Amino acid sequence: MNSHSPNMRPVIRQLDEAAVNRIAAGEVVERPASAVKELVENAIDAGARRITVDIADGGKTLIRVTDDGCGMAPEDLPLALSRHATSKIDGSDLLAIHSFGFRGEALPSLGAVGRLTIQSRAEGLDGAEITVNGGVVGDIRPAALNQGTVVTLRDLFFATPARLKFLRTDRAEMMAVAEGLKRLAMAEPSVGFTLRDVSEGRDRVSFRADAVPGDLFDALRGRLAQVLGAEFTDNALPIDAERDGFRLTGYAALPTYSRGSSVAQHLFVNGRPVQDKLLYGALRGAYADFLSRDRHPAVALFVDCAPHLVDVNVHPAKSEVRFREPGLVRGLIVSALRHGLAEAGHRASTTVAGATLGAFRPEPAATPSGAPRVYQMDRPSAAARSAAYAAQAPQGFSEFSGTYSGRVVDPAPAPAPAAEDRPEPRHLPLGAARGQVHENYIIAQTEDGVVIVDQHAAHERLVYEKLKRQMAERGVPAQALLIPEIVELSAEDQARLLDIADDLSRMGLTVEAFGGSALAVRETPAILGEVNATALLRDILDELADFGSSQLVQEKLEAILSRVACHGSIRSGRVMRAEEMNALLREMEATPHSGQCNHGRPTYVELKLSDIERLFGRT
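Everything in this summary refers to the structure shown in the same document.

A closer look at the side chain of Asp197
Right, so step 1: Structurally, the position occupied by Asp197 is in strand E8 (residues 192-197).
Right, so step 2: Looking at Asp197, its side chain comes within polar contact range of the side chain of Arg202, at 3.2 Å.
Right, so step 3: Excluding anything up to four places from it in sequence, Asp197 contacts Ile55, Met174, Arg202, Asp203, Arg204 and Ser206.

Quick word on helix H9 (residues 326-343)
Right, so step 1: When the terminal C-alpha atoms of H9 are compared, their 26 Å separation across 18 residues agrees well with the 26 Å that a helix rising 1.5 Å per residue should span.
Right, so step 2: Next to the buried residues of H9 lie strand E10 (236-243), strand E11 (246-253), helix H8 (277-287), strand E14 (299-304) and strand E16 (322-323).
Right, so step 3: Looking one or two residues beyond H9, the residue adopting positive phi is Gly345, at roughly 60°.

Describing the sheet that holds strand E23 (residues 604-608)
Within a sheet, neighbouring strands are paired by backbone hydrogen bonds and run either parallel or antiparallel to one another.
Right, so step 1: One open sheet holds the four strands; their spatial order is E17-E18-E19-E23, and the pairing between them is antiparallel. At either end of the open sheet lies a strand with only one pairing partner, and these are strand E17 (432-437) and E23. Between one strand axis and the next, the sheet turns through 20° on average, direction left out of account.
Right, so step 2: Pairing analysis gives six bridges linking strand E18 (residues 441-446) to strand E19 (residues 449-454), with the strands arranged antiparallel. What sits directly across from Ile442, in E19, is Val453.
Right, so step 3: Sitting on the sheet, helix H12 (residues 455-474) is in contact with E17, E18 and E19, with an inclination near 70° to E19.

Let's talk about the nonpolar core
Right, so step 1: Counting residues in each nonpolar core, the largest one holds 59 residues, and the members touching the most others are Val40, Ile51, Val53, Phe193 and Leu195.
Right, so step 2: Beyond its immediate chain neighbours, meaning those up to four positions away, Ile51 contacts Val40, Ala43, Ile44, Val65, Thr66, Asp67, Val191, Gly192, Phe193 and Thr194.
Right, so step 3: Membership of the second largest hydrophobic core comes to 36 residues, among which are Ile239, Ala241, Val321 and Ala344.

Here's the deal with the side chain of Thr524
Right, so step 1: Along the chain, Thr524 turns up in strand E22 (residues 518-525).
Right, so step 2: The buried category is assigned to Thr524, whose relative accessible area is 2%.

Quick look at the pairing of strand E7 (residues 148-154)
Right, so step 1: Within E7, six of the seven residues are buried, which leaves the element mostly enclosed by the surrounding structure.
Right, so step 2: Here strand E2 (residues 62-67) runs beside E7; their pairing, made up of six bridges, is antiparallel. Residue pairing for E7: Thr66 is matched across the bridge by Val150.
Right, so step 3: Here seven bridges tie strand E3 (residues 115-121) to E7, and the two strands are oriented antiparallel to one another. Bridging across to E7, Arg121 finds its partner in Gly148.

Some words on the packing of helix H2 (residues 32-45) against helix H4 (residues 106-113)
Right, so step 1: As a packed pair, H2 and H4 sit with axes 10 Å apart at the nearest point and diverge in direction by 140°. As the angle between them shows, H2 and H4 are arranged oblique. Handedness of the crossing formed by H2 with H4: left-handed. Residue-level inspection shows Ala35, Glu38, Leu39 and Asn42 of H2 in contact with H4, the latter providing Ala106, Leu107 and Leu110.
Right, so step 2: Each residue belonging to the contact of H2 with H4 can be placed in one class, and the counts come to five nonpolar, one polar and one charged.

Quick look at the environment of Arg601
Right, so step 1: The residue Arg601 is located in the loop between helix H17 (578-590) and E23 in this model.
Right, so step 2: When the C-alpha atoms of Arg601 and Pro255 are compared, they prove to be 8.0 Å apart, with 346 residues separating the residues in sequence.
Right, so step 3: Beyond its immediate stretch of four places on either side in the chain, Arg601 contacts Thr256, Gly595 and Gln596.

As for unusual backbone geometry
Right, so step 1: Its identity is not glycine, yet Asp57 carries a phi of approximately 55°, on the positive side.
Right, so step 2: Structurally, Asp57 is set in the loop between strand E1 (50-56) and E2.
Right, so step 3: For Asp57, a relative accessible area of 24% puts it in the partly exposed group.
Right, so step 4: With a phi close to 50°, Glu200 is a non-glycine residue in the positive phi region.
Right, so step 5: Among the structural elements, Glu200 can be located in the loop between E8 and strand E9 (204-209).
Right, so step 6: Overall, the relative accessible area of 73% leaves Glu200 in the exposed class.

Some remarks on the sheet that holds strand E20 (residues 478-488)
Right, so step 1: In spatial order, the strands read E20-E22-E21; together these three strands make up an open sheet with antiparallel pairing. Each end of this open sheet is capped by a strand with a single partner; those strands are E20 and strand E21 (510-513). Neighbour-to-neighbour, the strand axes of this sheet turn through a mean angle of 20°, independent of strand direction.
Right, so step 2: Sheet topology places E21 next to E22; four bridges connect them, and they run antiparallel. Paired with Glu512 across the two strands is Ala520, which belongs to E22.
Right, so step 3: Sheet strands touched by helix H13 (residues 491-499): E21 and E22. Its angle to E22, the strand with the most contacts, is close to 35°.

Calculation notes
- Residues numbered from 1 in each chain as written.
- Predicted model: local features only at pLDDT ≥ 70, side-chain atom pairs only at ≥ 80, totals over all residues.
- Heavy atoms only, no water.
- Helix = DSSP H or I, 4+ residues; strand = E, 2+ residues; numbered from the N terminus.
- Polar contact = N/O pair within 3.5 Å; in protein donor to acceptor, adjacent residues only side chain to side chain.
- Contact = heavy atoms within 4.5 Å.
- Expected span 1.5 Å × (residues − 1).
- Pairing = 2+ DSSP bridges.
- Axes fitted to C-alpha atoms, helices over the stretch in contact; angles between N-to-C directions.
- Core = buried A, V, L, I, M, F, W, Y, C linked by side-chain atoms within 4.5 Å.
- Buried < 20%, exposed > 50% of the residue type's maximum accessible area, 1.4 Å probe, protein only.
- Parallel < 35°, antiparallel > 145°, perpendicular 65-115°, else oblique.
- Left-handed = near helix turned anticlockwise from the far one by under 90°.
- Nonpolar A, V, L, I, M, F, W, Y, C, P; charged D, E, K, R; others polar.

In structure tokens, the structure reads:
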């Protein structure tokens, strides 16, 4: 890396303004999506209610951002192109930041690497425009436009052509622009956003989100439905919690609506999209009890606090933040999400039923047009059905006509139950058991559909939740080591573990300083049996480095409880009596998280009668 001669003393030089701006652009403008992000944030800071973004060739040849914000006066245009010139802070307090931008670097950086034109008009003033090509600023000229600002960036990186070689295909860059714009749109439901692809003379709308009126949750729900789809909002829980100056709002999806990667995790701090390992770690901890490690929750969460409680000036792209009280924020996220998921009770995502219905084979087309045959059928009244059942039923079965559409068959003959012993009414959430198939699946009838329950997975979750409650009430039993295990660590690692020693002790893992940078492990959780303390502590340190916190001991304990629950639950292949099946359904309704097993898979599937009728061509 050292290119100068060892006999030559290096000379310190002052770089010119153009070189300084190009270096700054390398930090701020990584790709077209970065440029769009900076320009759209400026538009939001200007109070825009409608923002339109036009893109050509993935943003390589054209980026145009049009807004209806407050605009700028003609004399402000040259100043806007100067580095560290901004209207958003006065420089007296760098923690009192209430806007997206505050450094004043975006416009001069873009002008240094591309051909930039700014047209703007403030209320009561004439419109004006200014251009800058590769860092060379032109004169102010009059322009005709409505109130607001139009920023046009052409030929991105023409002044630094080497950067073009690192860009991806036009399609990939366009997708990155759309993803960044969607994240900004989530945080601003009252602002309308439009993204258009104008490559090669086209005018195709790639994304559109109209402004959503209403209060906080109504507007946010509407905007998330626009951006993430109605499927997310239908399967997400509203979150609203507050603690010591921090407020957490948003929506968190049910565990059964999990994803194979973290792409559906959208986190915001004071309205700013961030990718912060503390927040991701807290999210992972909140769902750790419901999802396996290869599944990821889908969320859109917003942390709001006073500006002095968070430092947003710690990353060139402002995508990371630093909280003054990180433990407080993490605790708020974990507790709020777990409370919300517990209130969901036995609820499972609707996508499970959709996948089930999709697995059925459709009827072969039988009409000349190729469309499936549709049968028009009148639905008889309840009285007509009862009379038909009585007339058609074999002798001795007519008593079931008023209550049952099927019958649970016990393995051994038993006297007919009294009326008060019959299954629970169908209006209960999981309905009344009607039968068992393949000695593993309970079929229940609800008021408007059918529920299919995996008896082993459901009972395993119920037993697991009971074991967890017992452990929380009685504590984690610890076993004292006859000879404490000494683990040699670096001074930094020792300090990080001692900082969480109290938390580890509550989990049955007791560690103490032991001279120098070593730690002595004196107690381990009894339920884990023989423990390799050195490997355990190093795994905990790895989690602390990756996520800022560690749930490893808790996860190991819960994994043991999960295995115990698996062995103590109803096995597949066991024939159940009607009262047992209904008791299981009632317990599921009363137990939080019973809608998914210990690995996040659904414990039941609900099929609506209307969907079943469509499978048979009824309307």
